[in-house]
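# Close look at the chain arrangement
The chain contents come next:
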Amino acid sequence: MIRGDLLYEGKAKKLYRTDDPNVLWVEYKDDATAFNGEKKAQLAGKGEMNNRIAAFFFRYLRENGVDNHFLQEVSPTEQWVRKVTIIPLEVVVRNRAAGSMAKRLGLEEGRMLPRPIVEFYYKNDELKDPLITEDHIDVLGLATVDQREEMKRIALQVNDLLGKKMQELGVTLVDFKLEFGIDPDGRLILADEISPDTCRFWDVKTGKVLDKDRFRRDLGNVVEAYREIWNRLEGTTP
Ligand code: C5P
């Protein structure tokens, strides 16, 4: 496989074309951004951790029946993925109130929810990714009703699988964000990344934050926390 032109540069990843029109070459960068790009830093080693962790989660999910865009790792910071057309929605699953939900609704950070919930956000930098209702999605045609229902179903399935795996490793899965795409055959598949940049992970025993909130909240030792997640995953079979 040959790495071709840069197709898109995001906040944390670069996407390149390849000589196969159905395959993209993803490079995970060391750049960290938060608050819609207002806060920025370079964190040496973050790209490698996220590439490894995302590859692990995608393999684990596939082995447990959740199809996704991952193909294979090609270097410590790069992986090949299937090319899909991304649906402009972020799908967030929450097990506990935290982050924007805790803030918006005045809830205590970490409060357990009686059941997992799914939220949709409209992917739009200019609008700062606003929360969007299911009716909005339907009337604006951002996804079909079937796709929307399917995204919810898969998101909750991912929550069960990831939650179980992280619990075994002594980590609470507080919440996470997923993105989906449509493949050339019109099928909906899980895409983008799953990593400490896109999940909230808390150590079960100590409550220590092991995710991007260390960067957002200036807690320090960001990459060390990501490495701790990787160390716990590595050595377990996906
Ligand atoms: O900020 P908020 O509480 O809404 O985030 C919920 C979850 O979604 C967190 O795990 C966060 O890391 C993730 N997220 C993300 N990308 C965004 C917004 C949120 O990965 N643009």
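Since this is a predicted model, take the numbers as computed values, not measurements.

## Some details on the side chain of Asp-197
- On the secondary structure map, Asp-197 appears in the loop between strand E13 (188–191) and strand E14 (199–203).
- The class for Asp-197 is buried, based on a relative accessible area of 11%.
- Among the polar contacts listed, one links the side chain of Asp-197 to the side chain of Asn-50, at a separation of 3.1 Å.
- Beyond its immediate stretch of four places on either side in the chain, Asp-197 contacts Ala-12, Lys-46, Asn-50, Lys-212, Arg-216 and Tyr-226.

## Concerning the site of the ligand
- Lining the immediate environment of the ligand, one finds 16 residues, of which Arg-94, Ser-100, Asp-175, Arg-200 and Arg-216 sit closest.
- With respect to the ligand, the side chain of Arg-94 contributes an N or O atom lying 2.8 Å from an oxygen atom.
- A distance of 2.5 Å separates an oxygen atom of the ligand from a polar side-chain atom of Ser-100.
- Burial of the ligand by the protein amounts to 81% of the accessible area it has alone, namely 450 Å².
- Residues of the shell around the ligand, tallied by class, amount to five nonpolar, three polar and eight charged.

## What about the UniProt feature "domain: SAICAR synthetase/ADE2 N-terminal" (unreviewed entry) in the protein chain?
- Under the UniProt annotation, "domain: SAICAR synthetase/ADE2 N-terminal" (unreviewed entry) lies at residues 6–232.
- The span residues 6–232 is 31% helical and 35% strand by assignment, and the distance between its end C-alpha atoms comes to 33 Å.

## Here's the deal with helix H6 (residues 222–233)
- Over its 12 residues, H6 runs 17 Å from end to end, which matches the ideal 16 Å to within 8%, given 1.5 Å per residue.
- Among all positions in H6, only Val-222, Val-223, Ala-225, Tyr-226, Ile-229, Trp-230 and Leu-233 are buried. Viewed along the axis of H6, the buried residues span an arc of 160°, placing them on a single side of the element.
- Looking at the packing, one finds that the buried side of H6 touches helix H1 (46–63), helix H4 (145–168), strand E12 (171–182), E14 and helix H5 (213–216).
- Positioned one or two residues after H6, Gly-235 has a phi angle of 95°, which is positive.

## Observations regarding the sheet that holds strand E2 (residues 13–18)
- In space, the five strands of this open sheet follow the order E1-E2-E3-E7-E6, with antiparallel pairing throughout. The sheet is open, and its two edges are formed by strand E1 (3–9) and strand E6 (70–75), each paired on a single side. Going from strand to strand, the sheet's axes swing by 30° on average, the running direction of each strand aside.
- By the bridge criterion, five bridges tie E2 to strand E3 (residues 23–28) in an arrangement that is antiparallel. Looking at E3, one finds that Arg-17 is bridged to Leu-24.
- Helix-sheet contacts for H1 involve E3, E6 and strand E7 (78–82), and the interaxial angle to E6 is about 150°.

## A short note on the side chain of Arg-200
- Mapped onto the elements, Arg-200 comes out in strand E14.
- Take Arg-200: its relative accessible area is 11%, and that puts it in the buried class.
- Dropping the residues within four chain positions of it, Arg-200 is found in contact with Arg-94, Ala-98, Gly-99, Thr-172, Leu-173, Val-174, Asp-175, Asp-211, Asp-213, Arg-216 and Arg-217.

## Considering the environment of Glu-78
- Turning to its location among the elements, Glu-78 is positioned in strand E7.
- In the structure, Glu-78 is positioned 53 residues away from Trp-25 in sequence and 7.1 Å away in space, judged by C-alpha atoms.
- Excluding its chain neighbours within four sequence positions, the residues that come into contact with Glu-78 are Arg-3, Trp-25, Val-26, Glu-27, Asn-51 and Glu-73.
- One polar contact links Glu-78 to Ser-75, side chain to side chain, over a distance of 2.7 Å.

## A look at the pairing of strand E10 (residues 112–122)
- Where strand E9 (residues 89–96) meets E10, seven bridges bridge the pair, whose relative direction is antiparallel. Paired with Val-92 across the bridge in E10 is Glu-119.

## Some points on the packing of aromatic side chains
- The final tally for this structure, using the stated rule, is five aromatic pairs.
- The interplanar angle of 80° and the centroid separation of 6.1 Å between the aromatic rings of Phe-56 and Phe-57 together place this pair among those described as edge-to-face. Phe-57 carries the same exposure label as Phe-56, and that label is buried.
- On the numbers, 6.3 Å between centres and 45° between planes, the contact of Phe-57 with Phe-201 is tilted. Taken together, the residues span a long stretch of sequence, with Phe-57 in helix H1 and Phe-201 in strand E14 at a distance of 144 residues. Neither Phe-57 nor Phe-201 differs from the other in exposure class; each is buried.
- Here the aromatic residues Phe-56, Phe-57, Phe-201 and Trp-230 are joined through ring pairs into a cluster of three or more.
- The side chain of Arg-3 reaches across the aromatic face of Tyr-16, ending 4.0 Å from its centre.
- For the cation-ring pair, Lys-39 lies above Phe-215, with the distance from its terminal atom to the ring centre recorded as 4.9 Å.

Reading guide: rules and limits
Residues numbered from 1 in each chain as written. Predicted model: local features only at pLDDT ≥ 70, side-chain atom pairs only at ≥ 80, totals over all residues. Heavy atoms only, no water. Helix = DSSP H or I, 4+ residues; strand = E, 2+ residues; numbered from the N terminus. Buried < 20%, exposed > 50% of the residue type's maximum accessible area, 1.4 Å probe, protein only. Polar contact = N/O pair within 3.5 Å; in protein donor to acceptor, adjacent residues only side chain to side chain. Contact = heavy atoms within 4.5 Å. Near = heavy atom within 4 Å. Areas by Shrake-Rupley, 256 points an atom, 1.4 Å probe, with all protein chains shown as cover. Nonpolar A, V, L, I, M, F, W, Y, C, P; charged D, E, K, R; others polar. UniProt positions renumbered as here; feature names shortened; annotations may be inferred. Expected span 1.5 Å × (residues − 1). Arc of directions from axis to C-beta. Pairing = 2+ DSSP bridges. Axes fitted to C-alpha atoms, helices over the stretch in contact; angles between N-to-C directions. Phe/Tyr/Trp six-rings, centres within 6.5 Å; stacked < 30°, edge-to-face > 60°. Lys NZ or Arg CZ within 6 Å of the ring centre and 35° of its normal.

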